[in-house]
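Listed below, chain by chain, are the residues.
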Amino acid sequence: IAGTLKFILNRFAEKKGDVVGPATVPGPMIRVMEGDTVVVNLTNDLDSAEPHNLDFHAGIGAMLMDVEPGETASLKFKAMREGAYIYHCGAMGMPWDHVSHGMYGLIMVEPRGGLPKVDKEFYIGQSEWYLKPGIQEAPDIEDGYDLDANKAMSEHPDCFTFNGHTKALFDPSIYGDAITVDRRDTVR
């Protein structure tokens, strides 16, 4: 997990001088308005074992091609359709290879003028875990798990988590305040 979180942080790192937030699963929620031009910088950690990319479903053909370890590349596209869309790493292998390791997030394309104000807003991402004992890249670790591609292909997960942890939505020690609302709150 630590390697994955380090990768996630570096995957969303921007060019020198930009501010980078904490590593999260899912990745940071990106908010733009319909018609905005979106520019995303992807830096692949020098210690990464393979190239990575970004595929934004919010833009037609909005895919940053493979970025090699230690390199940075930029993707620019116009957000033309309002809605909530996934973005994810889709480099090498099957689509779930990177998504299953937490390399995905959400981009919200708000309508021109923005969305109506609400009392509370939450960002929740569901993860499916397709597990097999052992870690391919670290066979000396005896108590770890790796992606079971056969289970993923047949869509039979061993378990589900939300925001990368089984208790992320209600345990304040994990990501801050638990998700709670008052009876008359408006929520998105």
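Residues numbered from 1 in each chain as written. Predicted model: local features only at pLDDT ≥ 70, side-chain atom pairs only at ≥ 80, totals over all residues. Heavy atoms only, no water.

Asks: Explain the overall build of the protein chain to me, using residue names and the numbers behind them.
Replies: Counting secondary structure elements, the protein chain contains four helices and 11 strands. Looking at the protein chain as a whole, 34% of its 188 residues qualify as buried. Sequence-distant contacts, at least 24 apart, represent 62% of the contacts inside the protein chain between residues at least 6 apart. Here the protein chain has roughly 11,500 Å² of accessible surface; of this, 55% comes from carbon and sulfur atoms. (Helix = DSSP H or I, 4+ residues; strand = E, 2+ residues; numbered from the N terminus. Buried < 20%, exposed > 50% of the residue type's maximum accessible area, 1.4 Å probe, protein only. Contact = heavy atoms within 4.5 Å. Areas by Shrake-Rupley, 256 points an atom, 1.4 Å probe, with all protein chains shown as cover.)

Asks: Tell me what's going on with a nonpolar patch on the surface, and back it up with residues and numbers.
Replies: There is a patch of nonpolar side chains on the surface, built from Ile124, Phe160, Phe162 and Ile179 and spanning about 340 Å² of accessible area. Examined against the element boundaries, isoleucine 124 turns out to sit in the loop between strand S7 (104–110) and strand S8 (126–129). Given the relative accessible area of 43%, isoleucine 124 is considered partly exposed. (Patch = residues over 30% accessible without salt bridge, like charges linked within 9 Å, V, L, I, M, F, W, Y side chains within 5 Å. Salt bridge = Lys/Arg side-chain N within 4 Å of Asp/Glu carboxyl O.)

Asks: Give me the lowdown on the environment of methionine 65, citing residues and values where you can.
Replies: Along the chain, the position of methionine 65 falls in strand S4 (residues 63–67). Distance from methionine 65 to proline 51, taken between C-alpha atoms, is 9.2 Å for residues 14 residues apart in sequence.

Asks: Can you tell me about the pattern of salt bridges, naming the residues and giving the values?
Replies: Considering all chains together, one arrives at five salt bridges under this definition. When the shortest N-O distance is used, the salt bridge between arginine 31 and glutamate 110 registers 2.6 Å. Of this pair, arginine 31 sits in strand S1 (residues 30–33) while glutamate 110 sits in strand S7, placing them 79 residues apart in sequence. On the accessibility criterion, arginine 31 (37% relative accessible area) is partly exposed. Given the relative accessible area of 11%, glutamate 110 is considered buried.

Asks: Please set out the sheet that holds strand S3 (residues 52–56) residue by residue, giving values where relevant.
Replies: Across the sheet, five strands lie side by side as S1-S7-S6-S3-S4; this open sheet has mixed pairing. Of all strands in the sheet, those with a lone pairing partner are S1 and S4, marking the two edges. Averaged over all neighbouring strand pairs, the angle between strand axes comes to 20°, with direction disregarded. Inspection of the sheet shows S1 paired to S7 by four bridges, in the parallel sense. (Pairing = 2+ DSSP bridges. Axes fitted to C-alpha atoms, helices over the stretch in contact; angles between N-to-C directions.)

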